[in-house]
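Secondary and tertiary structure notes
Here's the letter readout for the chains.
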Amino acid sequence: MKNRLAHESSPYLLQHAENPVEWFPWGREAFEKARREDKPLLISIGYSTCHWCHVMERECFENPSIAAVMNEHVVAVKVDREERPDVDRLYMTAVQAMTGQGGWPLNVFVTPEGKPFTGGTYFPPEDRHGRRGWPAVVEAISKAWRDPATKSRLLSQGDHLTQATREYLVPTGSASSEDTGSWEECRKSLEETYDDQNGGFSRAPKFPMPVNTFFLFRYAAAVGGPEGAKAQSMAVTSLSHMARGGLFDQVGGGFHRYSTDDRWFLPHFEKMLYDNAQLAVNYVDAFHLTGEDFFAGTARATLDYLLRDLCHPEGGFFSAEDADSFPQNEESTEKREGAFYVWEAEEIRKVIGDVDFPLFASFYGVFPEGNVTEDPQGEFGNKNILHEARPLAEVAGSLGIPVEESRRRLGHARAQLLSVRSQRPRPHLDDKILTSWNGLALTAFARAAIVLDDTRYRAAAQRAAKFLKQELWDGERLFRRWREGKRAVFAFADDHAFLAQGLVDLYEADFDVTHLLWAEQLMDITLKEFQDPTSGALFSSGEDQDPLLPFRAREEGDNVEPSAASVSVLTLLRLGRILGREDFGHAADRMMKAHFATAPGPRAYPALQAARLYAQASPSDLVIVGDASLPATQDLIRVGRSRFRPNLTVRLLDEGSLRAFWVERVPFLENMGLVQGQPAAYLCHHFTCQPPVTDGERLRALLYPQKFDKTGS
């Protein structure tokens, strides 16, 4: 028997559609039933690639006797946190306030008015490891609810917790308040927790945190000197260790969710679109700054993974792949963590042959007994997680093989292993398409097209933008989720901001102004629907937010994804400069001040600090006049893109419709034209332009007179 979730489109909800629990999807029906029957609601939140969500489902929600307890005592609601981040954020904040920790699955008991009064994360089926069994928890909650005295206390607790959550998620700071720190303090705070040995900015478990690297690169470019060099070194070293560890899929490309140890070796094997999109940008930036091919190669492997395994045939990108899958050649009815990715030594030998095995095993740290020394769950016995165990030059030298030949042979071996691995039982694919995460992917492919000069990535970005416009935009309103031909859930602030940012990046890749016009429309909606008119801060939900939630929350700081506020500020600033929209600049300034005013510390908003660097830099414009199809025009464009200069606005003018568009928007461009019939480049600071140049080398000398631009422009 299927429950109500069988009619939903969310992969996570569909995973629970055959549970004996009488699940409701989030909606008015569940709340009305709770009021009518005077029962508490259980709001159970997770996502389809969540390991411990799978465990609790298997142990509790698939158990008929436990399901019967739930059906008798509560109204049970399932929520996909990726589709409904507003619901997840409210109840996650409440549980963290109650227990001091959070995570998924998130199980919260709330009143029929939606006010949380108790909850937690994973619960076992019976008492064990210091955790109370789930059916006992449900029965205790029900017993307390039925007793008038204890019910009164629960209702009071719900009122107090809701108010405390409101005060945290809707801070009262204003744009006139003093903010919590400069970009210097943000850099110092990151430096204080930096791991000199392994890179990264925390102890185990270690998360990549692309927002930190994004900020450090822009800080380095703006500030220069010893501080800038140190910031760049922290970012580059962290990225190098991450890409050489087990966190990176050495065979198929792409990054896993996080590392369970200090050295990026033993990952949680889940792969997320938002991680890989942001990390691809980090590695593109690292290559742009250093010129080291290793970073370009990592970016390419990551983007190629997205195109191969997470791309819808029409161009959008799926959300994630699970960590768990069925082991190969085993009569197992249970999936295992990392089964798709780990290898036995003899299996590798059979695939790549005896000749290449010593080189491969030495470089990737492969042992007959396996290379996972800390394995409390016993999942990786005699298995190997591939990682760069020794420098290639050292390995090649010890075996007497030239480095370039070693590199070629390793590449061939990886291709052989990828072909064999593709025949294994694959992890579950969460095939919903989210606007916000696709916006991040749009940025990744556009930036790679620009810096790596690869038309494949430009085409991928264009196809993704076309898909999003066709499937998730109705001409006036943006939607958050699409799956199997159905779009649903009105978009949140991050959907608008991340997509608009991606469109601005795509304009810089192909100079199609229609991308800018859509981005402008999205940011106009963002300011109208999501910005607080009083403080200037950004709300996560629109003015017509879900009435089942007790209040509308503001955007918080940057985390594994950047805050929509941070991305909105930078996108407003960029669009304001490129389209001549001074009002965008003013709105960005108010938003930035409002969020800094309530930030809990100097590293709460690394991406917003990067936006502040952009805002306070001297405005620089590169205007290239010419037919984009001409080699001379392309040469000027290539020079303009050849170095990492994130505060440079680049426009392309031709002698046709583009010129009329740009002159109307930015009048100071009116007198710019070809020079003696040749494509020309105009470099301008504060709207004062130097004489045009028609030669790429002369343009290079104007743009890059020294390694660092001390003004940050």
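Our subject is the structure that appears above.
Attention in this report is confined to the structure presented alongside it. (Residues numbered from 1 in each chain as written. Predicted model: local features only at pLDDT ≥ 70, side-chain atom pairs only at ≥ 80, totals over all residues. Heavy atoms only, no water.)

**Focus: the pattern of salt bridges**
What the rule picks out here adds up to 57 salt bridges. Residues Asp532 and Arg554 are paired through a salt bridge, measuring 3.4 Å at the closest nitrogen-oxygen approach. A residue pair is termed long-range when its members are at least 10 positions apart, and Asp532 in the loop between helix H20 (513–529) and helix H21 (564–579) and Arg554 in the loop between H20 and H21 qualify at 22 residues. The residues Asp532 and Arg554 share a single accessibility class, namely buried. Between Asp583 and Arg581 there is a salt bridge, with the nearest N and O atoms lying 2.7 Å from each other. Put simply, Glu520, Asp524, Arg581, Asp583 and Arg665 are held in one network by salt bridges that share partners. (Salt bridge = Lys/Arg side-chain N within 4 Å of Asp/Glu carboxyl O. Helix = DSSP H or I, 4+ residues; strand = E, 2+ residues; numbered from the N terminus. Buried < 20%, exposed > 50% of the residue type's maximum accessible area, 1.4 Å probe, protein only.)

**Examining the sheet that holds strand E8 (residues 271–272)**
Read across the sheet, 3 strands follow the order E8-E9-E12 without closing on themselves; strand pairing throughout is antiparallel. Across the chains shown, the open sheet's two edge strands, defined by having one partner strand only, are E8 and strand E12 (429–430). As judged from the 2 bridges shared by strand E9 (residues 320–321) and E12, these two strands associate in the antiparallel manner. From the neighbouring strand, Glu321 faces E12, where its bridge partner is Leu429. (Pairing = 2+ DSSP bridges.)

**Description of the nonpolar core**
Formed by 144 residues in total, the largest nonpolar core has its most connected members in Tyr283, Leu575 and Trp662. Here this core takes 11 residues from helix H17 (residues 435–451), the largest share from any one element. One finds Tyr12, Cys50, Ile66 and Trp145 within the second-largest nonpolar core, a separate group that totals 31 residues. (Core = buried A, V, L, I, M, F, W, Y, C linked by side-chain atoms within 4.5 Å.)

**A word on unusual backbone geometry**
Residue Pro105 is reached from Trp104 by a cis peptide bond, and omega for that bond is 10°. Pro205 follows Ala204 through a cis peptide bond whose omega is -5°. Looking at the element boundaries, Pro205 is found in the loop between helix H8 (183–192) and helix H9 (210–223). In the Ramachandran plot, Met209 falls in the positive-phi region, its phi being about 55° despite a non-glycine side chain. Residue placement: Met209 occurs in the loop between H8 and H9.

**Things to note about the packing of H9 against helix H23 (residues 606–616)**
Contact pair H9 / H23: the axes reach a minimum separation of 8 Å and the direction vectors enclose 25°. Put simply, H9 runs roughly parallel to H23. By crossing handedness, the relation of H9 to H23 is classed as left-handed. Contacts between H9 and H23 involve Val211, Asn212, Phe214, Phe215, Arg218, Tyr219 and Ala222 on the former and, on the latter, Pro606, Ala607, Gln609, Ala610 and Leu613. (Axes fitted to C-alpha atoms, helices over the stretch in contact; angles between N-to-C directions. Parallel < 35°, antiparallel > 145°, perpendicular 65-115°, else oblique. Left-handed = near helix turned anticlockwise from the far one by under 90°. Contact = heavy atoms within 4.5 Å.)

**Thoughts on the sheet that holds strand E15 (residues 486–490)**
Paired through backbone hydrogen bonds, the strands of a sheet run either parallel or antiparallel to each other. Read from one edge of the open sheet, 3 strands run E13-E14-E15, paired in antiparallel fashion. On the outer flanks of this sheet lie strand E13 (433–434) and E15, each paired with one strand and no other. One ladder, built from 4 bridges, connects strand E14 (residues 479–483) with E15; its direction is antiparallel. Its bridge partner being in E15, Arg483 is matched across the sheet by Lys486.

**Some points on the side chain of Glu555**
Positionally, Glu555 belongs in the loop between H20 and H21. At 2.8 Å, the side chain of Glu555 and the backbone nitrogen of Ala564 are in polar contact. Ignoring sequence-local partners within four residues, the contact set of Glu555 consists of Arg89, Leu538, Phe539, Ser540, Ser563, Ala564, Ala565, His595 and Tyr605. (Polar contact = N/O pair within 3.5 Å; in protein donor to acceptor, adjacent residues only side chain to side chain.)

**Considerations on the packing of aromatic side chains**
On inspection of all chains with the given rule, the structure shows 31 aromatic pairs. Ring plane angle 35° and centroid distance 6.2 Å describe the contact between Tyr283 and Phe295, whose orientation is recorded as tilted. With Tyr283 in helix H11 (residues 273–290) and Phe295 in helix H12 (residues 293–309), the pair connects residues that are 12 residues apart, well separated along the chain. Each member of the pair Tyr283 and Phe295 is classed as buried. Considering the side-chain rings of Phe360 and Tyr364, the 4.6 Å spacing of their centres and the 45° angle between planes classify their relative orientation as tilted. Linking Phe360 with Tyr364, this pair stays in helix H14 (residues 357–364), spanning 4 residues, or about one helical turn. No difference in accessibility class separates Phe360 from Tyr364, as the two residues are buried. In textbook terms, an aromatic cluster arises when at least three aromatic residues are bridged by ring pairs, as seen for Trp23, Phe61, Phe109, Phe123 and Trp134. Its end group placed over the ring of Tyr305, Lys271 keeps NZ or CZ at 3.9 Å from the ring centre. Sitting over the ring of Tyr614, Arg577 keeps its end group 4.1 Å from the ring centre. (Phe/Tyr/Trp six-rings, centres within 6.5 Å; stacked < 30°, edge-to-face > 60°. Lys NZ or Arg CZ within 6 Å of the ring centre and 35° of its normal.)

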